[in-house]
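Structural features, examined
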Amino acid sequence: MSVRDVLSPFTAWKNLFRDPVSIPDPLNRAAAPRYRGFHQNDVEKCIGCGTCETICQNGAIDMVPVEGIETKSGDSGLRPRIDYGRCCWCALCVDVCMTKSLTMSNAYTWVENDPDLFCFTPGVDKKHWDNAELGYHCPTDRRITGQVRAHMRELEPETRIDSFVEIVQGYSVEEAILEADRCVACGLPCATAITSAAWNCSTPATRFPASAAASAPTSARTPALPATKATRSPSAG
Amino acid sequence: MALYTPDRSQYPAKKADGTLDIDLASGKYLKLWQGPNHPGITGNMSVELTVCGDEVVEGKTHVGYLHRGFEKLMERRSFIQCFPIVCRICVPEPDFNEYCYAAAVEDLSGIQSPERANWMRALILEMGRINSYLMYLGGQAGALGLGVIGQWTTYARDLMLDRFEEMTGARIYHMFILPGGVRDGLPDGFDQRMEETLREIESTMKDVHDVMFHNAVFKKRTVGQGVIDPAWLDQYGVTGPNARAAGVAKDVRRDQPYLVYRELEFEPVIGHDSDIYTRSDVRRRDLLMSVDLIRQILAKMPRSGPLIADMPSMLHWKIPRGETYVRGECSRGEYGYYLVTDGSGFPRRVNVRGPSYTHAMALLERMIVNINISDVAALMVSLHTYPPEIER
Amino acid sequence: MEQELKPELQIRKVKGPDGVEFEVEPLRDYYCEALPTVQHGAYIQIVEDFFNWARSHSLWILGFGTGCGAIEMRPLMTPRFDAYRYGIQWRPTPRQANLLVISGYLSVKTLKRAIRAYEQMQSPKYVVGLGSCTINGGMYWDSYNTIKRLDDYMPVDLYIVGCMPRPEALLAGFEDLKKLIRAGKAEGANQYAEKFDWYKSNQKRVIHDWDMPDYSW
């Protein structure tokens, strides 16, 4: 203990001459451009595939029918309804969105006195952040579902010009499983996947033990949570 | 400099089985609950104190106020679905959970995260470490009545949270370190803003050094108080700054380098007296070392390249059978994830080894004996434990 | 095991200053057994409005961090966001506070303490639920140890959504709470008194080791 120990704390007084660090108007402060705030959905682009519903670990997303959107080929007519009493803003739904219609704005303030009001269908229920430009969007170069399409081999033109052998040679088992792995099993014929491939791929993994790790889910609409014994370990039995 | 009376004549005798013979009805002892709703507690936990006069003769840690059953919850979430939930395990420093979980999953699935992602991860972990230490310093000073330190460090921490926000898109739970890589690169102009923040933090730390570490009151109440005997380190599983303050250079970053720590220049910060003052000082110097590490990382990290490895579709991602233990050095000690997989799409078992558990339960109960009631808060804070991580 | 108590701890008869003899049990917790009652407003509306205006300008928050959200309270208390300029401050004890902020999930063990803290607060008192967890379970919707809807256990005046809400959102929430108080709509304490049995039965359904009085003042 020295004289310095007694006097040194008084240097705190120098802050009297400093500018205040308080944010003058915290109520209107914009979040960072990448901020993962409240959801937006482009209902025109959305096809209602339900992948966001599948990946949400909190069961916050339900696909609900929406007035004015018809069920037609390539569109289930359902749109995601998000329960903010469950959401954790992890943005997996944005990352996984097949059409990139689901995004996040950087709005973050929503206060209600009724807990049931926090369920909303983005894009359908009008909210003040619907047209916000900034926020989290799925980056173009990355998705958490498989992206690269397995190349299908064909006969060389020189060979096929004078033969009746099938030109398209099809996939090997491993390639077919890899290709089916891209499928999100939405049940809609869409550009990103061939639904039937996923169904065919539900053959027991024991048939293809080498690629058991990459086999597709057993059922398209099995909810991911809570997992039943059957869906948890299809390869165990 | 012991502040308690060495007279132990009125102290409880020990029974044959080693427990204390405390007769509450004798009127000599008093039960005191410190927590969970108490300003002198590190969070939502409590300590049941038995006091004799103003001196603690026995302390029992009570936790479970924040138990959410993470390890069970993760067993029924697929590997990608576990990723948002792990960071909730430790609120003030969530990134280590994300990193350890991602590293464990990568280890078992044989995925290599790209070079650039590793640098990004190291950057995030060091930023998180600074946040955690800043919070600690505020708490340590606050427990001894120096409220102003908390005001400064929380401001500095808030600047760091702003950097986190612009980089990861969230303030507290960043959910940025995906299995396989990271979500995004650095935003434009990040380096410059980071440098300004680091300068601000350094100037704050200079003030903290003057006001907190050269403070007669703080010294009087912390020097020689709450000593961890170096012999206890292995017995109680003490790691991190608590061990380094006792003179043992335990630092996973150096002992078993992960990410890019092999390429960075640093020396573990060591103290020798192992009391509250030394532990605070070790953390302060460790914080300044993290500032230096961040500068090194920003200077050396590659600015282009992939941020995430080629991953299988995470919707039906299955990981072969196996088990692994991944460790990292967080601001409180060794953080570890033990992951067992059974070839399905869900983890079979996830066990989190958080340093707070060992420090706050066994060690605190041992150390809390014979100290003054008013020093309990300072002692608890000096072990640097986070209740959400104790009970998960 | 029965043991002989010291004389000063034994049950004994005491003669009060007014001459009445009563029995004292030194080891028993004494508490008021009266249940909460509905507090009516002032007879004149303008007086009640004045009271409400005054109440809205002194939100004293109980410094009890029940969950993750408590971490965003620290920036609020400190110069950067400085909630004190909005008439909001933190108090260490429930007796001095009138706003209980349930900061996120509540495990069953904390719920018990939160109820005690809430009941010990002076009327008029308000509850703000912070984060998704208080609304519908949030992150821990399938956890065995947390409650899912705070609404069932104590009257909540306001919810702030987010996981966790930013300090700015919290401030916006407190500003909204002030508006509710000024409009006389924040009647949580009265609601608790009116539906006391309902709240108690909900609370006792999840708290199995109920070893405290039904209403702890």
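The paragraphs below set out a description of the structure included in this document. The shown structure was predicted, so the numbers you read here are calculated from the model rather than taken from an experiment. (Residues numbered from 1 in each chain as written. Chains lettered and ligands numbered in written order. Predicted model: local features only at pLDDT ≥ 70, side-chain atom pairs only at ≥ 80, totals over all residues.)

Describing the overall build of chain C
Put simply, the rule is: Here a strand is any run of E in DSSP of at least two residues, a helix any run of H or I of at least four, and the numbering for each starts at the N terminus. Partly exposed residues are those whose C-beta has more than 12 but fewer than 20 other C-beta atoms within 10 Å; with 20 or more the residue is buried, with 12 or fewer it is exposed, and the C-beta atoms are placed from the backbone. Placing C-beta atoms from the backbone, we regard two residues as in contact once those atoms come within 7 Å.
Assigned secondary structure in chain C consists of seven helices and seven strands. The N-to-C order of helical and strand elements in chain C reads β-β-α-β-α-β-β-α-β-α-β-α-α-α. The dimensions of chain C, computed from C-alpha atoms along their principal axes, are 60 × 50 × 35 Å. Within the span of chain C, comprising 217 residues, buried residues form 46% of the whole. Expressed as a percentage of contacts within chain C between residues at least 6 apart in sequence, the contacts between residues at least 24 apart total 77%.

Some remarks on the sheet that holds strand E3 (residues 78-83) of chain A
Residue and element names in this part refer to chain A. Stated formally: What makes two strands pair is DSSP finding at least two bridges between them.
Pairing in this open sheet of three strands is antiparallel, and the strands run E2-E3-E6 from one edge to the other. Each edge of the open sheet carries a strand with a single partner, namely strand E2 (61-65) and strand E6 (119-120). Direction of pairing for E3 relative to E6: antiparallel, over a ladder of two bridges. The partner of Ile-82 across the bridge, within E6, is Phe-120.

With respect to the sheet that holds strand E6 (residues 347-353) of chain B
All names here are of chain B. The criterion, for reference: Angles here are taken between N-to-C directions and fall from 0 to 180 degrees, while the axes themselves are lines fitted to C-alpha atoms, restricted in helices to the stretch in contact.
Strand order in the open sheet made by the three strands is E4-E5-E6, with antiparallel pairing throughout. The open sheet terminates on both sides in strands that have one partner only, identified here as strand E4 (322-330) and E6. Adjacent strand axes in the sheet meet at a mean angle of 15°, parallel and antiparallel pairs treated alike. Looking at chain direction, E4 and strand E5 (residues 333-341) are connected through nine bridges and run antiparallel. Across the sheet, Glu-323 pairs through a bridge with Val-340, a residue of E5.

A word on the interface of chain B and chain A
Each partner contributes residues to the interface: chain B has 35 residues there, and chain A has 43 residues. Where the side of chain B that touches chain A is concerned, the elements lending two or more residues are helix H2 (79-86), helix H5 (147-168), helix H6 (190-213) and helix H7 (216-222) of chain B.

Section: the interface of chain C and chain A
Reports often express the size of an interface as the amount of accessible area lost when the parts come together. Condition: Polar here means any residue outside two lists: the nonpolar Ala, Val, Leu, Ile, Met, Phe, Trp, Tyr, Cys and Pro, and the charged Asp, Glu, Lys and Arg; Gly therefore counts as polar.
At the junction of the two partners, chain C supplies 31 residues and chain A supplies 25 residues. Sorting the residues of the side of chain C that touches chain A by element identifies helix H4 (132-136), strand E7 (158-160) and helix H5 (167-182) of chain C as the ones contributing at least two each. It is H5 of chain C that contributes the most residues to the side of chain C that touches chain A, nine residues altogether. Per-class residue counts for the side of chain C that touches chain A are 15 nonpolar, six polar and ten charged. Inspection of the sheet shows strand E5 (residues 111-112) of chain A paired to E7 of chain C by two bridges, in the antiparallel sense. Directly across from Glu-112 of chain A, in E7 of chain C, lies its bridge partner Tyr-159 of chain C.

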